[in-house]
Amino acid sequence: MLHDRVLVSTEGESGERRSGGGIVIPATVAIGKRLAWAKVIAVGANVRTVTEGDRVLYDPTEKAEVEVRGKDYVLLRERDLHAVAAERLSEGHTGLYL
């Protein structure tokens, strides 16, 4: 049971980013506290704010990595999520909430 935990996958989430001028900044560059996006794979019974398929913003330093059937996942508490990007919101909303 996951209870208040969220299982996320970081596959497909590139750590690289681009500056305003188009310069590629590698994921290994340390710029203070950098948050990361991940896709929700499974949620516990007591999780209220996210569902499977949502993208969540979390702090990579506060994570527990697990391996399930040969794939790597990250296990987070719901309270450790900083933001949620959800497709299920109606038009006119930003799709992000805290």
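For the structure itself, look to the data block above.
Source: prediction; values computed, not measured. Every residue gets a number counted from 1 within its own chain, in the order that chain's sequence is written. The predicted origin of the model limits local features to residues at a pLDDT of at least 70 and limits the giving and counting of side-chain atom pairs to 80 or more, whereas totals for whole chains, interfaces and linings rest on all residues. Hydrogens and waters are ignored; side-chain quantities use all the structure's heavy atoms.

Asks: What is the right way to look at the overall build of the protein chain in this model?
Replies: Counting its secondary structure elements, the protein chain contains zero helices and nine strands. In this scheme, a residue with accessible area under 20% of its type's maximum is buried, one over 50% is exposed, and one in between is partly exposed, where area comes from a 1.4 Å probe on protein chains only. When each of the 98 residues of the protein chain is scored for burial, the buried share is 26%. In the protein chain, 58% of the contacts between residues at least 6 apart in sequence involve partners at least 24 apart. Methods summary: accessible areas were calculated by the Shrake-Rupley approach with a probe of 1.4 Å, and residue burial reflects only the protein chains presented. When the accessible surface of the protein chain is totalled, it reaches about 7,000 Å², and 50% of it is carbon and sulfur. Strands here are runs of E lasting at least two residues and helices are runs of H or I lasting at least four, both read from the DSSP assignment and numbered beginning at the N terminus. Residue contacts are counted whenever heavy atoms from the two residues lie within 4.5 Å of one another.

Asks: Please explain unusual backbone geometry as it appears in this structure.
Replies: Glycine aside, a negative phi is what most residues show, and trans is what most peptide bonds show. The phi angle at Arg69 is positive, at roughly 50°, despite the residue not being glycine. Along the chain, Arg69 falls in the loop between β6 (64-68) and β7 (71-77). Given the relative accessible area of 84%, Arg69 is considered exposed.

Asks: Sorry, what's going on with the nonpolar core here?
Replies: The biggest cluster of nonpolar side chains holds 13 residues, and the ones touching the most others in it are Val6, Val8, Val50, Val56, Tyr58, Leu76 and Leu81. If you list the elements that add at least two residues to this core, you get β1 (5-9), β4 (36-43), β5 (55-58), β7 and β8 (81-85). Residues enter a nonpolar core if they are buried and are Ala, Val, Leu, Ile, Met, Phe, Trp, Tyr or Cys, with the set joined through side-chain atoms within 4.5 Å.

Asks: Where do I start with the environment of Asp4 in this structure?
Replies: Position of Asp4 among the secondary structure elements: in the segment before β1. Judged by its relative accessible area of 28%, Asp4 is partly exposed. In this structure, the C-alpha to C-alpha distance between Asp4 and Val43, residues 39 residues apart in sequence, is 7.6 Å. By the criterion applied in these results, polar contacts are pairs of N or O atoms within 3.5 Å in which, for protein atoms, one can donate a hydrogen and the other can accept it, and in which residues neighboring in sequence qualify only through two side-chain atoms. At 2.4 Å, the side chain of Asp4 and the side chain of Arg5 are in polar contact.

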